[in-house]
Amino acid sequence: MQMYKIMAISLLLGCALPFAAAQGEVASSAGDSVATVSKRLVSFYSQPLPSAGKSTPIRVPAVLSLPANATGPAPAVVILHGSAGMDSRGPLHGGDLNARGIATLELDMWGARRLAGGAKGRPPRVHDTLPDLAGALVYLAAQPGVDSHRVGVLGFSWGGAQAMLAASASINDELEQASGVRPVALAAFYPVCWGYNRVPGYNLKHLAPARLLVLVGEKDQYEDDPTACTTLVSSLPAEDQARAQVVVYPGAEHGFNGLEAVQEYKDPFLHRGQGGLGRSAPDPVAREASRKAVVAFFTDSFTTTTVSGR
């Protein structure tokens, strides 16, 4: 985590300076694949979106990881962090995807805004960071080593809510209009399912022509209901449900796929919007299972690059 923070700060202080690419091998715990990966610190400008309201473009730092020995343009996944900022989850899942020949672009949305993170150090709405995702899609489309027809999104908590919103038909359309890229697969870790179609602006009534994977812990204290995400997906039209999958990990809590120690905090969105005290806790069993699920989801999605309409 500290390495990424240092690189993000360096970019903010001197965006015009060139950075040398680092190269190394990554191995996936989700399989036996090993790949050589080129990592670069990059930046791009956010792109305006109608759903985000009026906003001034900002420069967003990110870490781009490209399979170095790809025989052609590689599929790519944008990685969106949670309220705490960049942590172990991005590199863990990013390394798994890189090992399967999938490029990743991990954003530092708080570094771009000089925010500390947490419930008091994040933007007011998840929509405020959707322009960062649009800018990431524009950036990836311009990379010769990336196949812009095979781009996905992976998010955790705050980033998971971004991924869920991006899976909605209306916002997905906005992203495509702003960037020329339509994400074909979106994976959302614990995206606070109780709030959709209840909290103004957080609508999920129709899916985009894309696949959606939702991964949540049975004991997530934002939901206080292990069936919340399943119920949400079940409310979608039948043709949308066919492209969506929910996985509930028994006994797991919020943040189960990270390596950080147990964290307790207050958040107004906890306990179905009642607020109060909650926690994030690693769960080794759920973490390893979810890593495999994410790799399988994106690998399969990028193998079949076309999906049925809405």
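Quick notes on the rules
The written sequence of each chain sets the order in which its residues are numbered from 1. With the structure being a predicted model, the display of local features is reserved for residues of pLDDT at least 70 and the display and counting of side-chain atom pairs for 80 or more, all residues being used for whole-chain, interface and lining totals. Computation of side-chain values covers all heavy atoms of the structure but excludes hydrogens and water. The rule for a disulfide is simple: a pair of cysteine sulfur atoms within 2.5 Å. Only DSSP runs of H or I with at least four residues qualify as helices, and only runs of E with at least two residues qualify as strands; both kinds are numbered from the N terminus onward. Exposure is judged per residue with a 1.4 Å probe applied to protein chains only, and the accessible area is read against the type maximum: over 50% gives exposed, under 20% gives buried, and values in between give partly exposed. In the analysis that follows, any N or O atom pair within 3.5 Å is treated as a polar contact, provided that within protein one partner can donate a hydrogen and the other can accept it, and provided that, for residues neighboring in sequence, both atoms belong to side chains. A 1.4 Å probe that fits into a set of points on a 1 Å grid over the protein atoms alone but cannot get out defines a cavity; an open set with protein on both sides within 12 Å along at least five of seven lines defines a pocket, and lining residues are those with an atom within 4 Å of a point. Grid points are joined across faces, edges and corners, and a volume is the space filled by probe spheres set on the points. Residues are grouped as follows: nonpolar covers Ala, Val, Leu, Ile, Met, Phe, Trp, Tyr, Cys and Pro; charged covers Asp, Glu, Lys and Arg; every other residue, Gly included, is treated as polar. To define a nonpolar core, start from buried Ala, Val, Leu, Ile, Met, Phe, Trp, Tyr and Cys residues and group those joined through side-chain atoms within 4.5 Å. Any pair of residues with heavy atoms lying within 4.5 Å of one another is described as a contacting pair. Paired strands, in this sense, are two strands between which DSSP finds at least two bridges. Confidence scores here are pLDDT values: one per residue, from the predictor, ranging 0 to 100. Helix axes are fitted to C-alpha atoms over the stretch in contact, other axes to C-alpha atoms as well, and angles between N-to-C directions run from 0 to 180 degrees. For classification purposes, an angle smaller than 35 degrees is called roughly parallel, one larger than 145 roughly antiparallel, one from 65 to 115 roughly perpendicular, and anything else oblique. Helix crossings fall into two classes, left-handed where the near helix is turned counterclockwise from the far one by less than a right angle and right-handed where it is turned clockwise.

The protein is annotated in an unreviewed UniProt entry as Dienelactone hydrolase from Pseudomonas japonica.

Bringing the state of the cysteines into the picture now. Taken as a whole and assessed by the stated rule, the structure comprises one disulfide. In this model Cys193 forms its disulfide with Cys229; the gap between the sulfur atoms is 2.1 Å. Because the sign of the S-S torsion sets the handedness, a value of about 95 degrees for the bond joining Cys193 and Cys229 places this disulfide among the right-handed ones. You can see Cys193 sitting in the loop between strand S7 (185-189) and strand S8 (211-217) and its partner Cys229 sitting in helix H7 (residues 228-234), a full 36 residues away along the chain. Cys229 matches Cys193 in its accessibility class, with the two residues each being buried.

Attention now goes to the side chain of Asp87. Mapped onto the elements of the fold, Asp87 is located in the loop between strand S4 (74-80) and helix H2 (89-99). At 2.8 Å, the side chain of Asp87 and the side chain of Arg89 are in polar contact.

For the rest of this paragraph, the subject is the layout of surface pockets. The computed volume of the largest pocket comes to approximately 330 Å³. In terms of lining residues, the largest pocket is bounded by 24 residues, among which Ala84, Arg89, Gln263, Tyr265 and Ser280 are the most central. Per-element tally for the lining of the largest pocket: the top contributor is strand S10 (residues 263-266), with four residues. Grouping the amino acids of the lining of the largest pocket by side-chain chemistry returns eight nonpolar, nine polar and seven charged.

A complete count under the given rule lists two cavities of 30 Å³ or more for this structure. Taken together, 18 residues line the largest cavity, and the ones lying closest to its centre are Val126, Ala161, Val192, Tyr202 and Phe269. Across the lining of the largest cavity, the residue classes tally to twelve nonpolar, three polar and three charged. If you add up the space inside the second largest cavity, you get close to 40 Å³. Looking at the second largest cavity, the residues that line it are Val216, Gly217, Glu218, Asp220, Glu223, Asp225, Pro226, Ala228 and Cys229. Taken together, the elements giving at least two residues each to the lining of the second largest cavity come down to S8 and H7.

Turning our attention to the nonpolar core. One recurring pattern in soluble globular proteins is that nonpolar side chains are buried together. Core analysis: the biggest nonpolar cluster contains 78 residues, and Leu105, Leu107, Leu140, Leu154, Met164 and Phe298 have the highest contact counts within it. Other than its neighbours up to four places away in sequence, Leu107 contacts Phe44, Val60, Pro61, Ala62, Val78, Ile79, Leu80, His81, Met86, Asp132, Leu133 and Ala136.

Our next topic: the side chain of Gln143. Inspection of the secondary structure assignment puts Gln143 in the loop between helix H4 (130-141) and strand S6 (146-156). Taking the relative accessible area as the measure of exposure, Gln143 reaches 14% and is therefore buried. Within the structure, the side chain of Gln143 is placed 3.1 Å from the backbone oxygen of Tyr139, a separation counted as a polar contact. Not counting residues within four places of it along the chain, the set of residues in contact with Gln143 comprises Arg40 and Leu64.

With that settled, consider the pairing of S8. Taken across its seven residues, S8 has six buried, putting it largely inside the fold. Across five bridges, S7 lies against S8 in parallel orientation. The partner of Ala185 across the bridge, within S8, is Arg211. In this structure, S8 lies alongside strand S9 (residues 244-249), joined through six bridges in parallel fashion. Across the sheet, Leu215 pairs through a bridge with Val247, a residue of S9.

This brings us to the confidence of the model for the protein. Per-residue pLDDT for the protein averages 90, and the proportion of residues at 70 or more is 87%. In this model residues 1-20 is a low-confidence stretch, pLDDT under 50, and it forms 26 contacts with partners more than four residues away in sequence or in other chains. Between residues 306-310, whose pLDDT stays under 50, and residues either more than four places distant or in other chains, the model counts 17 contacts.

With that settled, the discussion passes to the packing of H4 against helix H6 (residues 169-179). Relative to each other, H4 and H6 sit at 45 degrees, their axes nearing to 9 Å. Comparing their axes, H6 and H4 come out oblique. Remark: the crossing between H4 and H6 carries right-handed chirality. Side by side, H4 and H6 meet where Leu130, Leu133, Ala134, Leu137 and Val138 of the first sit next to Ile171, Leu175, Ala178 and Ser179 of the second. Residues belonging to the contact of H4 with H6 are distributed by class as follows: eight nonpolar, one polar and no charged.

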